[in-house]
Amino acid sequence: MNKVTASAPGKMILLGEHSVVYGKPAVALAIDRRIKCTVSASSELLVNGRKASGTIAHPHIRSVLKDNGAANVSVDAVTDIPTSSGLGSSAALSASFSLAVRKLFGRETDEESIAADAFNAEYTAQGRASPMDTSVCTHGGGVALNCPIGRHLWTFSKGGNSWDVTEVDVPHMTFVVGYTGIHAPTGPIVERVRKYKEHNRFASDIIDEIGAITLEGVQAMAKNDTEHLGRLMTQNHKLLSILGVSCDQLNKLVNASLPLSYGAKLTGSGGGGSMIALTDQPEKVCEAIALRGGVPMIVHTGIPGVRLEE
Ligand code: PMV
């Protein structure tokens, strides 16, 4: 085999971003936007036909290669997940690249090994991370972290925290994503929250509160109680705003969606990126988001995880 193509979905975080970095509960869902990676043998590291410069460019790709005892491949990536949008573009890249590299070099291609490679890549690139994005982009569907519900997938530990990852059933729900168009890399925002938490007891209380809301939300989702779940999403957004990770444009899109939705919140690390609304009026929410300058997309859940492509 001299060329392998694999794909992985993007994701949205339903509840619990940021607090999950400290081992609190979270839930994330795969969405119907994917990245596709084609990998072939090469004597130098080529990314989309270009020679990778220096040793720090493409940290996710380099980390996955290192974990698989390789240094050079040629990788071509095609994606419909906007980068730094809070929709899991780097996690999907890491997971699809891991599967393609593992297949190319004849290594194990089980989900846990791929999720471990991808988590390592994300952790290295961000300086600190949870395995949430990489687990859901690998497994697909819905995953919960540190929630006493669902089928056990794997447990990962790093930096003094441990995450038990489970697969959860996702009832049929309609979400609209609103992308602010603001490019917001995850690492610096995660670092800002770390400093806030280190110097302020109040930040730790907010993180605990987000954890409690998330647990309640997982129960609401299991009972298919959309109204309750929506209220908790909006509450989660307020707490994330207090934590300092929202921004004017995210608040504008959340507020525009709320009268037409069960709930709305930022999704991902914030500072820009995207928000999500849980609604049964998706077209109207799309209009409201577009009117405030956001890029709306209706997303579907129940999406398969990482897989080989023809
Ligand atoms: O913005 P994203 O898609 O990279 O999401 C990051 C989620 C955080 O909880 C902020 C970080 C993490 O690693 O869990």
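Going by the structure above, here's the rest.
Let me sum up the structure you'll find in this document. (Residues numbered from 1 in each chain as written. Predicted model: local features only at pLDDT ≥ 70, side-chain atom pairs only at ≥ 80, totals over all residues. Heavy atoms only, no water.)

## So, the overall build of the protein
Along the protein, the regular secondary structure elements total nine helices and 13 strands. Reported as C-alpha extents along the three principal axes, the dimensions of the protein are approximately 55 × 40 × 35 Å. For the protein, with 310 residues in total, the buried portion stands at 56%. By sequence separation, contacts in the protein at least 24 residues apart represent 73% of the contacts at least 6 residues apart. Considering the protein, the positive charge centre built from 29 side chains and the negative charge centre built from 30 side chains are found 5 Å apart. (Helix = DSSP H or I, 4+ residues; strand = E, 2+ residues; numbered from the N terminus. Buried < 20%, exposed > 50% of the residue type's maximum accessible area, 1.4 Å probe, protein only. Contact = heavy atoms within 4.5 Å. Lys, Arg positive; Asp, Glu negative; His and termini not counted. Charge placed at Lys NZ, Arg CZ, Asp CG, Glu CD.)

## Here we look at the packing of aromatic side chains
A full pass over the atoms with the stated rule returns four aromatic pairs. When the centroid spacing of 5.8 Å and the interplanar angle of 85° are considered together, the rings of F119 and Y123 count as edge-to-face. Of the two residues, F119 and Y123 are both situated in helix α3 (residues 111-126); the distance of four residues between them amounts to about one turn of the helix. Pair check on accessibility: F119 and Y123 agree, each one buried. Ring centres of F119 and W163 lie 5.7 Å apart, and the angle between their planes is 80°; on these two criteria the pair is classed as edge-to-face. (Phe/Tyr/Trp six-rings, centres within 6.5 Å; stacked < 30°, edge-to-face > 60°.)

## Brief notes about the pattern of salt bridges
Scanning the model with the defined rule gives eleven salt bridges in all. A salt bridge links D208 to K24; its shortest N-O distance comes to 3.1 Å. Of this pair, D208 sits in helix α6 (residues 201-222) while K24 is found in the loop between β1 (3-15) and β2 (26-41), placing the two residues 184 residues apart along the sequence. Notably, a salt bridge pairs E167 with R151, separated by 3.0 Å at the nearest N-O pair. Of this pair, E167 sits in strand β8 (residues 161-167) while R151 sits in strand β7 (residues 151-158); the two residues are 16 residues apart in sequence, bridging distant segments of the chain. What emerges from the salt-bridge pattern is a single network uniting R102, E108 and D117. (Salt bridge = Lys/Arg side-chain N within 4 Å of Asp/Glu carboxyl O.)

## Overview of the packing of helix α2 (residues 89-104) against α3
Contact geometry for α2 and α3: axes closest at 8 Å, N-to-C directions at 130°. On the basis of their axis angle, the class for α2 and α3 is oblique. For the element pair α2 and α3, the recorded crossing hand is right-handed. Contacts from S90, A91, S94, A95, S98, L99 and R102 of α2 reach α3 at S113, I114, D117, A118, A121 and E122. Split into classes, the residues belonging to the contact of α2 with α3 amount to six nonpolar, four polar and three charged. (Axes fitted to C-alpha atoms, helices over the stretch in contact; angles between N-to-C directions. Parallel < 35°, antiparallel > 145°, perpendicular 65-115°, else oblique. Left-handed = near helix turned anticlockwise from the far one by under 90°. Nonpolar A, V, L, I, M, F, W, Y, C, P; charged D, E, K, R; others polar.)

## Side note on helix α5 (residues 186-199)
With 14 residues, α5 extends 21 Å between its outermost C-alpha atoms, agreeing within 8% with the 20 Å of an ideal straight helix rising 1.5 Å per residue. Every buried residue of α5 is accounted for by G187, I189, V190 and V193. Next to the buried residues of α5 lie α3 and α6. (Expected span 1.5 Å × (residues − 1).)

## Observations regarding the site of the ligand
Neighbouring the ligand are 17 residues, the closest being K11, H18, S130, T186 and S269. One of the side-chain N or O atoms of Q126 is found 3.5 Å from an oxygen atom in the ligand. In this structure, S130 approaches the ligand through a side-chain N or O atom, which is 2.6 Å from an oxygen atom. Elements supplying a minimum of two residues to the shell around the ligand: β1, α4 (132-139) and α5. Class assignment of the residues belonging to the shell around the ligand gives a composition of six nonpolar, eight polar and three charged. (Near = heavy atom within 4 Å. Polar contact = N/O pair within 3.5 Å; in protein donor to acceptor, adjacent residues only side chain to side chain.)

## A look at the sheet that holds strand β12 (residues 295-299)
The four strands are arranged β10-β11-β9-β12 in an open sheet whose pairing can be described as antiparallel. Two strands close off the open sheet at either side, each with one partner strand: β10 (263-267) and β12. In this sheet, neighbouring strand axes are inclined to one another by 25° on average, regardless of whether the strands run parallel or antiparallel. Across five bridges, strand β9 (residues 175-179) lies against β12 in antiparallel orientation. Within β12, the position partnered with F175 by the bridge is V299. Taken strand by strand, helix α7 (residues 226-242) contacts β9, β10 and β11 (274-278), and its axis lies near 45° from that of β10. (Pairing = 2+ DSSP bridges.)

## Here's the deal with the nonpolar core
Core analysis: the biggest nonpolar cluster contains 99 residues, and L14, F97, F175 and L229 have the highest contact counts within it. Aside from chain neighbours lying at most four places away, what touches L229 is L14, L15, M173, G217, A220, M221 and L278. (Core = buried A, V, L, I, M, F, W, Y, C linked by side-chain atoms within 4.5 Å.)

## Remarks on the pairing of strand β5 (residues 73-79)
Working note: regular strand, side chains alternate between the two faces of the sheet. The pairing of β2 with β5 spans seven bridges and is classified as antiparallel. If you follow S40 over to β5, its bridge partner there is S74. Pairing between strand β3 (residues 46-47) and β5: two bridges, direction parallel. From the neighbouring strand, V47 faces β5, where its bridge partner is V75.

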